[in-house]
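Observations on the model geometry
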Amino acid sequence: MNPYQKYKNQSIESMSQLELLLTLYDEAIKDLKRMDLALEDKDYDQFEDHMDYFTRIIRYLVRTLDMTQPVAKDLNRLYQYILYDCGRISAGRERRRSEIPALIDILTDLRDGFQQAGTKTNVERIAEEKRVVV
């Protein structure tokens, strides 16, 4: 394994669950933007590559859902819709290109929501620790 790959693996392994989730959303959003640019340039090989990366990320998010959590069913439906819409974009390419920004908006909202929830949780945890110390 080359040094860069080793560093990347160590980086991922040391992330918290929230950091990993946010990174997955960031990568998915980047892939959507790259898909849009590839369609603009009519570079269908690049489009397919980024579509593949994107769908792998979304499928991973589906597989890792904890279905005992109330929000998991809603997230699963949302991820299934995203995968469905990607299939439509892949089949229609330029005709469906206009749907890519909506998917970016959905994932950006999810990412921001999880980030805010994580920040709130950290603030509550720190406040609780200070109460225990006092």
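This next bit is on the packing of aromatic side chains. Given two aromatic rings, one states the distance between the centres and the angle between the planes to describe the pair. Summed over all chains, the structure comprises one aromatic pair. Judged by centre distance (6.0 Å) and plane angle (25°), the rings of Tyr25 and Phe114 are stacked. You can see Tyr25 sitting in helix α2 (residues 17–40) and its partner Phe114 sitting in helix α5 (residues 100–133), a full 89 residues away along the chain. The exposure class of Phe114 is partly exposed, given its relative accessible area of 25%.

Considering the arrangement of structural elements, one finds Val62 in helix α3 (residues 44–63). Sequence separation between Val62 and Leu78 is 16 residues; the distance between their C-alpha atoms is 9.6 Å. Beyond its immediate sequence surroundings of up to four residues, Val62 is in contact with Asn76, Tyr79 and Gln80.

Bringing the packing of α3 against helix α4 (residues 70–92) into the picture now. Running from N to C, α3 and α4 point in directions that differ by 165°, and their axes come no closer than 10 Å. Compared by their axis directions, α3 and α4 come out roughly antiparallel. Two packed elements cross with a definite hand, and for α3 against α4 that hand is left-handed. Contacts between α3 and α4 pair Phe47, Glu48, Met51, Phe54, Thr55, Ile58, Arg59, Leu61 and Val62 from the former with Asn76, Tyr79, Gln80, Ile82, Leu83, Cys86, Ile89 and Ser90 from the latter.

We now examine α3. Given a rise of 1.5 Å per residue, 20 residues ought to cover 28 Å, and the 28 Å separating the end C-alpha atoms of α3 matches this to within 8%. Those residues of α3 lying buried are Phe47, His50, Met51, Phe54, Thr55, Ile57, Ile58 and Leu61. The arc enclosing the buried residues of α3, seen along the axis, measures out at 155°, which places them on a common side. Across from the buried face of α3, at angles greater than 90 degrees, the exposed residues are Asp45 and Arg63.

So, on to the pattern of salt bridges. Per the counting criterion, the structure on display carries nine salt bridges. One salt bridge connects Lys30 with Glu27, and the closest N-O pair in it is separated by 3.0 Å. Here Glu27 and Lys30 lie together in helix α2, a separation of three residues that amounts to about one turn. The exposure class of Lys30 is partly exposed, given its relative accessible area of 36%. Across the pair Asp36 and Arg97 runs a salt bridge, and its minimum N-O distance is 2.6 Å. In this pair, Asp36 sits in helix α2 while Arg97 sits in the loop between α4 and α5, placing the two residues 61 residues apart along the sequence. In this structure, a network of salt bridges that share partners links the residues Asp85, Arg88, Arg96 and Glu99.

Here is what the cut-offs are and how they apply
Residues numbered from 1 in each chain as written. Predicted model: local features only at pLDDT ≥ 70, side-chain atom pairs only at ≥ 80, totals over all residues. Heavy atoms only, no water. Phe/Tyr/Trp six-rings, centres within 6.5 Å; stacked < 30°, edge-to-face > 60°. Helix = DSSP H or I, 4+ residues; strand = E, 2+ residues; numbered from the N terminus. Buried < 20%, exposed > 50% of the residue type's maximum accessible area, 1.4 Å probe, protein only. Contact = heavy atoms within 4.5 Å. Axes fitted to C-alpha atoms, helices over the stretch in contact; angles between N-to-C directions. Parallel < 35°, antiparallel > 145°, perpendicular 65-115°, else oblique. Left-handed = near helix turned anticlockwise from the far one by under 90°. Expected span 1.5 Å × (residues − 1). Arc of directions from axis to C-beta. Salt bridge = Lys/Arg side-chain N within 4 Å of Asp/Glu carboxyl O.

So, to be careful, I would describe these as geometric facts and stop short of saying anything about function.
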